[in-house]
Amino acid sequence: MARVVGRSAGASVPRSEDVARVAGVSRKTVSRVLNNEPYVSDEVRRRVLEAAEELGYRLNHAARALASGRNRSIGVVALGTAGYGTASLLVGIEKAVRDAGYALRVVNTTDGDPDDIAGAVMSLLEQGVDGVVVSEPIVEGEVSVQVEVPVLFLGAPPAFASARTLTVGVGAFALARAATDHLLDLGHPTVHHLAGPRRWYASKDRVEGWRAALAARGAHEPPVVEGDWSPASGYAAGRELAADSSVTAVFVAGDEMAIGLIHALREAGRRVPEDISVVGFDGNPVFAYVTPPLTTVRQPFDAAAREGIRLLVHAIEQPDTDLPAASEAPVELVVRGSTAPPPSHQSQAVPPTT
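In this text, all values refer to a predicted model and were calculated from it rather than measured experimentally.

1. Regarding the confidence of the model for the protein
Item 1. Here the protein shows a mean pLDDT of 85. Residues at 70 or above account for 87%.
Item 2. Note on residues 1–11: pLDDT is under 50 here. Beyond four places in sequence and across chains, it has ten contacts.
Item 3. Counting interchain partners and residues more than four positions distant, the pLDDT-below-50 stretch residues 60–68 has nine contacts.

Structural data, given as structure tokens:
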């Protein structure tokens, strides 16, 4: 006879001991699984989660907050922009925070002003958050705030002191190097670079990755051209680079700038990829459907967010223990139609002999 574990309409609300009984484990084990604590086998974790789902058991977060002295919330300071990279990272953070059983509080900043960031952090602390994530890519000057909860800095170095400071990168250096290596591997003698605004940490990491790839291959380092992430700035850079007949490859620090650059190159009669190859950065899926489809490196937004929130939750819930080892962000090169060997390396059609 099949076991019936669901609740009828008049049944009482299930408790943790009910989950323990169905899963065949102790209440302590149920608590450890539902609080996402370590040292529980995958099999036991699976049984507990399945039992909780079957019974319709939900954690009482308010009771947990009273018992632990925590509000089960994490605050995020984020740049107020709809840019693909910034928005995608925020979506990844939201999912990772929710999966960890915490609520999310978000305060946007406008232009990286230290006072603005300090005000955003103080606003979150006033809401009683247990930890803070700083996903602000521009910090100019010292942020005058002292924080007594753990703070995670994503993709940027620490900007102020906290009870415990964590940093997790999004792998921009390695991705930029992979993009540049791809073009060098195709036979291009060097690679030009269209960078983002120099005051952004993301721009600096990408410039350094590009330089490292060129230096490792003994390639000449051309002057950096600076954009502002917009397609318009890519278009302006494309007009400049199109006038230089020696340019055969460009690594662009953002997909949107890359599209503007390609448009300018084509207007100037420089074909992509036959005359000039272009690699973007971010992995915006929209640009798989432009002409030519854009070769790019995909930022691991979800992976970086999961890793960062994993470490932050550990720092919140186990403040007196060492942090677990951090995992490396994956490097993913997406090769499409905007890259090819330089003109001198491309095969030429040979007329048939008679």
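2. Regarding the packing of aromatic side chains
Item 1. Applying the stated criterion to the full structure yields four aromatic pairs.
Item 2. Judged by centre distance (5.2 Å) and plane angle (65°), the ring pair of Phe153 and Phe160 falls under edge-to-face. In this structure, Phe153 and Phe160 share a single accessibility class: buried.
Item 3. Ring centres of Trp200 and Trp229 lie 5.4 Å apart, and the angle between their planes is 70°; this geometry places the pair in the edge-to-face category. Of this pair, Trp200 sits in the loop between β6 (192–195) and α8 (201–217) while Trp229 sits in the loop between β7 (225–226) and α9 (231–242); the two residues are 29 residues apart in sequence, bridging distant segments of the chain.
Item 4. Lying across the ring of Tyr102, Arg72 places its NZ or CZ 4.1 Å from the centre.

3. With respect to unusual backbone geometry
Item 1. Backbone torsion omega between Val272 and Pro273 reads 10°, so that peptide bond is classified as cis.
Item 2. Within the secondary structure layout, Pro273 lies in the loop between α10 (255–267) and β9 (277–282).
Item 3. Cis geometry is found at the peptide bond from Thr291 to Pro292, where omega equals -5°.
Item 4. Within the secondary structure, Pro292 sits in the loop between β9 and β10 (295–298).
Item 5. Even without being glycine, Trp229 reaches a positive phi, approximately 80°.
Item 6. Not every positive phi belongs to a glycine, and Asp282 is a case in point at roughly 140°.
Item 7. Within the fold, Asp282 resides in strand β9.
Item 8. Judged by relative accessible area, which is 13%, Asp282 ranks as buried.

What counts and how
- Residues numbered from 1 in each chain as written.
- Predicted model: local features only at pLDDT ≥ 70, side-chain atom pairs only at ≥ 80, totals over all residues.
- Heavy atoms only, no water.
- pLDDT = per-residue confidence, 0-100.
- Contact = heavy atoms within 4.5 Å.
- Phe/Tyr/Trp six-rings, centres within 6.5 Å; stacked < 30°, edge-to-face > 60°.
- Buried < 20%, exposed > 50% of the residue type's maximum accessible area, 1.4 Å probe, protein only.
- Helix = DSSP H or I, 4+ residues; strand = E, 2+ residues; numbered from the N terminus.
- Lys NZ or Arg CZ within 6 Å of the ring centre and 35° of its normal.

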